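Residue-level listing of the chains:
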Amino acid sequence: MDFATSFALIAPELVLTGTGLVLLLVAAWCGDRRTQLITYLACFGLFGAGVLLVPTLHDGLVGPATSAFGDLFRADAYAGFAKALIYLGAIGCLLVAPAYFDRLKAMRAEYPVLVVFASLGMSIMVSAGDLITLYVGLELNSLAAYVLASILRNDDKSAEAGLKYFVLGALASGILLYGMSLLYGFTGSTSFVGVAAAISGELSTGALFGIVFVLAGLAFKISAVPFHMWTPDVYEGAPTPVSAFFATAPKVAAVALIARVALEVFGSQVDAWRQIVIFLALASIVVGALGAIGQDNIKRLLAFSSINNVGFILIGLAAATAQGASAMLVYLWIYMAMSLGSFVAVLMLKDAEGAPVESISSMAGMVREQPLLSWCLFFLMLSLAGIPPLFGFWGKFVVFQAAVEADMIVLAALGIAASVIGAFYYLKVCKVIMFDESKGVVTGKSNASHWAVLGITSLIISPLGYLLTPSLGDLADKAASALFLGV
Amino acid sequence: MIQTLSFYLFAGLMIASALLVITARNPVHSVLWLILAFFNAAGLMVLAGAEFIAMLLVIVYVGAVAVLFLFVVMMLNIDFAAMRAGFVKNFPLGLLIALILFLELFVGLVATNAGGIDLGKPDSSAAQPLGASNIEAIGALLYGRYIFLFEVAGIILLVAMIGAIALTHRQRPDGTRARQDIGKQIRRRPEDATIMKQPEVGQGVEL
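Criteria and cut-off values
Residues numbered from 1 in each chain as written. Chains lettered and ligands numbered in written order. Predicted model: local features only at pLDDT ≥ 70, side-chain atom pairs only at ≥ 80, totals over all residues. Heavy atoms only, no water. Helix = DSSP H or I, 4+ residues; strand = E, 2+ residues; numbered from the N terminus. Buried < 20%, exposed > 50% of the residue type's maximum accessible area, 1.4 Å probe, protein only. Contact = heavy atoms within 4.5 Å. Areas by Shrake-Rupley, 256 points an atom, 1.4 Å probe, with all protein chains shown as cover. Buried area = accessible area lost by both parts, 1.4 Å probe. Salt bridge = Lys/Arg side-chain N within 4 Å of Asp/Glu carboxyl O. Patch = residues over 30% accessible without salt bridge, like charges linked within 9 Å, V, L, I, M, F, W, Y side chains within 5 Å. pLDDT = per-residue confidence, 0-100. 1 Å grid on protein atoms, 1.4 Å probe; cavity = no way out; pocket = protein on both sides within 12 Å on 5 of 7 lines; lining within 4 Å. Points joined across faces, edges and corners; volume = space filled by probe spheres on them. Nonpolar A, V, L, I, M, F, W, Y, C, P; charged D, E, K, R; others polar. Phe/Tyr/Trp six-rings, centres within 6.5 Å; stacked < 30°, edge-to-face > 60°. Core = buried A, V, L, I, M, F, W, Y, C linked by side-chain atoms within 4.5 Å. Axes fitted to C-alpha atoms, helices over the stretch in contact; angles between N-to-C directions. Parallel < 35°, antiparallel > 145°, perpendicular 65-115°, else oblique. Left-handed = near helix turned anticlockwise from the far one by under 90°. Expected span 1.5 Å × (residues − 1).

### Quick word on the overall build of chain B
When you go through chain B residue by residue, the secondary structure sums to 9 helices and 0 strands. When the helices and strands of chain B are placed in sequence order, the string is α-α-α-α-α-α-α-α-α. Relative to its 207 residues, chain B shows a buried fraction of 24%. At a minimum sequence separation of 6, the contacts of chain B that also span at least 24 residues come to 61%. Of the roughly 15,100 Å² of accessible surface on chain B, a fraction of 69% belongs to carbon and sulfur atoms.

### A word on the interface of chain A and chain B
Facing 33 residues of chain A, the contacting portion of chain B comprises 24 residues. Across the chain A to chain B interface the summed buried area is about 2,300 Å²; carbon plus sulfur atoms make up 75%. Taken as a group, L72(A), V136(A) and R153(A) account for 23% of the area that chain A buries against chain B, more than any other trio of residues on that side. At the junction of chain A with chain B, the criterion picks out 0 salt bridges.

### Looking at a nonpolar patch on the surface
Residue and element names in this part refer to chain B. Nonpolar side chains collect at one region of the surface, where M55, L56, I59, V60 and Y61 lie side by side and expose about 480 Å² of accessible area between them. Its place among the elements puts M55 in helix 3 (residues 51-75). Residue classification places M55 among the partly exposed positions, given a relative accessible area of 48%.

### Notes on the confidence of the model for chain B
Averaged over all residues, the pLDDT of chain B equals 78, while 77% of them reach at least 70. Looking at the elements of chain B, mean pLDDT is at its lowest for helix 4 (residues 80-85) of chain B, recorded as 64, and at its highest for helix 7 (residues 147-168) of chain B, recorded as 91.

### As for the environment of A476(A)
Residue and element names in this part refer to chain A. Within the fold, A476 resides in helix 20 (residues 469-481). Along the sequence, A476 and Q323 sit 153 residues apart, while their C-alpha atoms lie 9.2 Å from each other. With residues up to four places along the chain from it excluded, the contact list for A476 reads F81, S326, L329 and V330.

### Points about the confidence of the model for chain A
Looking at chain A as a whole, the pLDDT averages 87, with 99% of positions reaching at least 70. The least confident element of chain A is helix 4 (residues 54-59) of chain A, whose mean pLDDT is 82; the most confident is helix 7 (residues 131-149) of chain A, at 93.

### With respect to the pattern of salt bridges
All names here are of chain A. The full count for this structure, using the stated rule, is 14 salt bridges over all chains. Ionic pairing is found between K157 and E236, a salt bridge with its closest N-O pair at 2.9 Å. Of this pair, K157 sits in helix 8 (residues 156-187) while E236 sits in helix 11 (residues 230-237), and the two are 79 residues apart along the sequence. Judged by its relative accessible area of 40%, K157 is partly exposed. By sharing partners, the salt bridges in this structure join K157, E160, K164, D233, E236 and R300 into a single network.

### Comments concerning empty space enclosed by the protein
All names here are of chain A. For the coordinates displayed, the defined rule picks out 3 cavities of 30 Å³ or more. The calculated volume of the largest cavity comes to roughly 130 Å³. Counting residues per element, the ones that place at least two in the lining of the largest cavity are helix 7, helix 11 and helix 12 (240-265). Of the residues that constitute the lining of the largest cavity, the class distribution is 8 nonpolar, 2 polar and 2 charged. Along the walls of the second largest cavity sit Y165, L168, G169, A172, F220, K221 and W230, which together make up its complete lining. Its residues assigned to classes, the lining of the second largest cavity shows 5 nonpolar, 1 polar and 1 charged.

### A word on the packing of aromatic side chains
Residues and elements named next belong to chain A. Summed over all chains, the structure comprises 29 aromatic pairs over all chains. Between W375 and F379, the ring centres sit 6.0 Å apart and the planes meet at 35°, which makes this aromatic pair tilted. In this pair, W375 and F379 both sit in helix 16 (residues 371-385), 4 residues apart, roughly one turn of the helix. One aromatic cluster is present, built from ring pairs that chain together Y146, Y165, F166, W230, F245 and F246.

### With respect to the nonpolar core
Residues F101(A), Y111(A), F245(A), W273(A) and L317(A) are the most contacted members of the largest nonpolar core, which totals 207 residues. The leading source of residues in this core is helix 15 (residues 322-347) of chain A, at 19 residues. Each residue touching W273(A), except ones within four places of it in the same chain, is listed here: I211(A), L215(A), A262(A), L263(A), F266(A), L317(A) and A320(A). By size, the runner-up hydrophobic cluster in this structure holds 9 residues, among which are F38(B), A41(B), A42(B) and V65(B).

### Re the packing of helix 6 (residues 110-126) of chain A against helix 12 of chain A
Residues and elements named next belong to chain A. In the contact formed by helix 6 and helix 12, the axes pass within 9 Å of each other and the chain directions differ by 15°. The angle between helix 6 and helix 12 places the two elements in the roughly parallel class. Here the hand of the crossing between helix 6 and helix 12 comes out left-handed. Only P241, V242, F245, A249, P250, A253, A254, A256, L257 and R260 of helix 12 make contact with helix 6, whose side of the interface consists of Y111, V115, A118, M122, M125 and V126.

### Considering unusual backbone geometry
Residues and elements named next belong to chain A. For the peptide bond that leads from V225 to P226, omega is 10°, which places it in the cis range. For D71, which is not glycine, the phi torsion reads 65° and is therefore positive. Counting through the fold element by element, D71 comes out in the loop between strand 1 (67-68) and strand 2 (73-74). A residue is classified by how much of its surface remains accessible, and D71, at 18% relative accessible area, is buried.

### With respect to the packing of helix 11 of chain A against helix 12 of chain A
Residues and elements named next belong to chain A. Interaxial distance between helix 11 and helix 12 falls to 7 Å at its minimum, and their mutual angle equals 130°. Judged by the angle between their axes, helix 11 and helix 12 are oblique. Touching T231, V234 and Y235 of helix 11 are S243, F246, A247 and K251, all from helix 12. Across the contact of helix 11 with helix 12, the residue classes break down as 4 nonpolar, 2 polar and 1 charged.

### Observations concerning helix 8 of chain A
Here helix 8 of chain A is 32 residues long and its end C-alpha atoms lie 46 Å apart, about the 46 Å a rise of 1.5 Å per residue gives. Where helix 8 of chain A terminates, the next one or two residues include G188(A), which has phi positive at roughly 75°.

Written as structure tokens, this is what we have:
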């Protein structure tokens, strides 16, 4: 093994590690006074790491040339696509954080450092070529996330969110590890290639149990039903910039990971896991849609919306074709823009004193006080519901198309039917902010950084986003081909 | 025969004590059961021929858990008088555990001498180099093949440390952090800190 080549392949991760360590020193010397500087430096580091991905993505590099450290790590186009999304999500969540925390006088120098390390963990996760790499990356991401959830340590809800996330995350890790140990025991290898080769013939019961446990552990991380219970509580309790982070980057990473494991490692045993994924997909869509209906807290509503969206993404995975994987990646990209945009819009809902407004009933008629913000939120909600002229429709369209072409017409039909239920609560929010009698609660001004992130995400989900489809589809196709080398 | 028997002995005791860890009401008892579970895991490792890992388990886990045990006792505000009152009642149980641990030593030794246990065939890609001892083989894998994961594990520990400090390090009410000011300490003169008194015979000092 050539270490120099390996280190060249992990350049984005090295940049992130360096950024994290240097920022930690800056934080130690300057304390909490220089948090703005640290935040912008962290964004810069993430951006730099993202720039290093461009050659991989542009040339669609796949195969042995991209594997580092004896195939422990894969810097292929698939990982590159997911990493680009992760870094963008992390930058978005960093940019909006200072203005939110400054009001509470709770901006900590550790916040950007932890976000950088969480992104490092996610980028290791999506590049995994070995079960141990998978677990190590997952745990690096989760540990940073537990702390981020409870970073407002004097706030009861934030502490509760952190504790809940920690306990359930530890349980999920246990389930995942148990599955991995079963797989190792029955295949004699931890590398993806080794496991895939060992299970390619007759599937033993032990290995089947391994597959089920690994998928269940990962389903916790993407919060697919029936492993979704923690999501609304954690998203509601965590500070809003942190919820925005949880709903975007770690979701992308975990979905990318579950797809890599399912298609690459268990690719020869599609029949063994397809029914599990189909159940997860349909249950997530239905529970996500029904659970959101009674919610008054907008953050809980968005949590159910993210459960709902994960279901649609899993439909692409259930197709188990290169087209399905590519559709999934396109959907992830659109989902990230919608989700980040909606959480930033929620961040900007403030009353006259600047205190955050989270209940939907107090948002009534806010179009009179905050016309621009209301229209952005209106379009974001319609896009999440998948109403045609907006870009959110395209994501659902490609996913259903992939399912239909894989002869899963029933699944696609059920998915479409359930998305109509989902549209109900998005439209309810639209009705409340646009047509209800004004309560005059949401009047607070917002920071320029919030407007910038909201503006960019709104542009992406607007019909202008369709200009991106050719290049996005091309990149996603190249990336998805990395998963189907062995077939 | 003895290998199989001792395998089931260690494995069975480990699962039983692991169950007791989570069912015991007294946290101190839980920790004790945890130590028993670790000892049994070490026994399994010895059976598999991984004596270095077995020693690590005993030294690191049991050693570290003993410290954890102390923290639990200090932090949970346990009534020591009530604990001592149960000493006579719990003495037979403690004696039983001690006896089991002692017996396991012998069983493990006899079983290893009888040839250890064969736990499946090793993965060829990670097979230990011929003639290398346990420690050498682990070292070669850890700092060669798995160096990347080893480094990432280091970052995980760093994140855990940042997290622990970020969540527990509090500011004082006056807004300052508890911080050592070396300059101030050196500037301090003996006259500022000490007073010379000449007390009368038979009388105390009034400060």
